[in-house]
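Coordinate inspection notes
Listed here are the chains, written in short residue letters.
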Amino acid sequence: MKQSKLFYKTYKESIHSEDSLNAQLLIRGGFIEKVGSGLYNFLPLGLKVLEKIKRIIREELNKIGCQEISLINLHPIEYWQITKRIDKFDILFKTKSHNGIEYILAPTHEEIIFPLVKKIISSYKDLPLALYQINLKYRDELRAKAGLLRNREFLMKDLYSFHINDEDLEKFKSLVDKTYLKIFKLCGLRAILTLASGGTFSKFSTEFQVPTLSGEDEIYYCENCNQAWNKEIIKTSKCDHCKKKLDIIKSIEVGNTFNLGTKFSKDFELFYLDKFNKKKYVLAGCYGIGISRLLGAIVEVNNDKYGIVWPSNIAPFRAHLLLLQYSNKKINLKLIKLANKIYQFLTNNNIETLFDDRTDVSNGQKFVESDLIGIPYKVIIGESSLNEELEIKLRNNNKIFKVKINNLLKCLK
RNA sequence: CGGGAUGUGGCCUAACGGCUAAGGCGCUUGGUUUGGGACCAAGAGAUUGUGGGUUCGAAUCCCACCAUCCCGACCA
């Protein structure tokens, strides 16, 4: 992508109407734009990162046998009356059609997926089944806050699984827990598996908490067991397993896994026939990852005083190709030619590259903007590049090393 | 919903109740620059969140509403 054509704008000064670090950096870097409280547009750079995260999630979930679907976001209100959650949730956005039909804007999708699954499965042979989607959710939060961490409209991956018994469900839930840890790791985050309240469904649920001071949750963490307990369920300040004293850590919840038991199967009369032709309730689990929140959490954790430092798997680009310019027009022309050649070369070799091809911007500004955007590798085309050498800056440790063109690919992979 | 703070061009700020609302960034044009948000010159861009009130006169004082941020209750 040529930066001269990229739809974005960076800001020099911090944004008055935002307090959180993730919103500051994402707005100032040209990733998102604010519309209102808890409402953000995604610009090309921000969307690129979202897509990277989605890809990781899809790959890992597909590996464990989940299938992707897409469910509606306009929910006819009857479905919510059936589960009686219409009275319990005070975060529901409601709307009406021209002829007075009432709808709920999806805050979650149990009400839609259970009727769907009911139409298709009927036998133990149809189970287990795991379906997920990546879709927007709407929640009328009492207080949206902290940039992307608590929004009224947000992107979520929700997975639902269906089983013949609790044992099979719990086995699958453990598999999802393991997969989640892997997904967060691939996204460049350390997430701590945390036991939390299961709400109305079951005794416990599992949360995935990312330690950071800006988090709104508090967990009690055992270093030995690498596990934590949410403040809401903690009884003692000592680990259940090894009796070690627990550390209290502020954190952001980026995912959770729930055993739903038969709650919704009962509501929607979701049965299967077992081997003995006996009708039984389907056991179900649900598993969420707040994708836009995850993006916010990643920024909260991965930054320095110059800007965002994207973990390499989810960076919007792999390389930031910077064309420098000087007073000497001849040299400039040579550099433009060389930079274009390198850009072609990188693109042809599938290195996703943002090419700062602008010639009307000072070199200094290019560096500062590049730091703010936070692409892992800078490939700098300057005077010294004209003798077959390229200067490459690895951003994480701010180390500069020179590489020959032939070795460029090896260094970027 | 309770408490606190804030609202001035796209962004960040200034302006004692008193002249045409000032400056920086960004943007446009021209010129000089170029290894860390360069400089000079000339421009474009605002009914100071909205509505009411006080006053000869309101960005400034008062009231209401709205919006945004923070704390709390609630929550992925």
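Let me begin by describing the structure that accompanies this report. (Residues numbered from 1 in each chain as written. Chains lettered and ligands numbered in written order. Predicted model: local features only at pLDDT ≥ 70, side-chain atom pairs only at ≥ 80, totals over all residues. Heavy atoms only, no water.)

**Re the pattern of salt bridges**
Going through the model one piece at a time under the given rule, you end up with 23 salt bridges. Between glutamate 352 and lysine 48 there is a salt bridge; the shortest N-O distance is 3.2 Å. Of this pair, glutamate 352 sits in the loop between helix H9 (329-348) and strand E20 (353-356) while lysine 48 sits in helix H2 (residues 44-63), and the two are 304 residues apart along the sequence. Accessibility expressed as a relative area gives 32% for glutamate 352, which makes it partly exposed. Salt-bridge contacts for lysine 145 lead to glutamate 216; the nearest nitrogen and oxygen are separated by 3.0 Å. (Salt bridge = Lys/Arg side-chain N within 4 Å of Asp/Glu carboxyl O. Helix = DSSP H or I, 4+ residues; strand = E, 2+ residues; numbered from the N terminus. Buried < 20%, exposed > 50% of the residue type's maximum accessible area, 1.4 Å probe, protein only.)

**Side note on the sheet that holds strand E6 (residues 102-105)**
Within a sheet, each strand pairs with its neighbour through backbone hydrogen bonds, oriented either parallel or antiparallel. Taken together, the 3 strands give an open sheet; going across it, the order is E4-E6-E5, and neighbouring strands pair in antiparallel fashion. The open sheet has two edge strands with one neighbour each: strand E4 (74-76) and strand E5 (93-96). Averaged over all neighbouring strand pairs, the angle between strand axes comes to 40°, with direction disregarded. Sheet topology note: the E5/E6 ladder contains 4 bridges and is antiparallel. Note on E6: the bridge partner recorded for lysine 96 is glutamate 102. (Pairing = 2+ DSSP bridges. Axes fitted to C-alpha atoms, helices over the stretch in contact; angles between N-to-C directions.)

**Observations regarding the packing of H2 against helix H8 (residues 291-301)**
Direction vectors running N to C along H2 and H8 enclose 110°, while the axes themselves pass 10 Å from each other. Here H2 is positioned roughly perpendicular relative to H8, judged by the angle of their axes. Here H2 runs over H8; the crossing is right-handed. On H8, the residues that touch Gly46, Val49, Leu50, Ile53, Lys54 and Ile57 of H2 are Ile291, Ser292, Leu294, Leu295 and Ile298. Residue composition of the contact of H2 with H8, grouped by class: 8 nonpolar, 2 polar and 1 charged. (Parallel < 35°, antiparallel > 145°, perpendicular 65-115°, else oblique. Left-handed = near helix turned anticlockwise from the far one by under 90°. Contact = heavy atoms within 4.5 Å. Nonpolar A, V, L, I, M, F, W, Y, C, P; charged D, E, K, R; others polar.)

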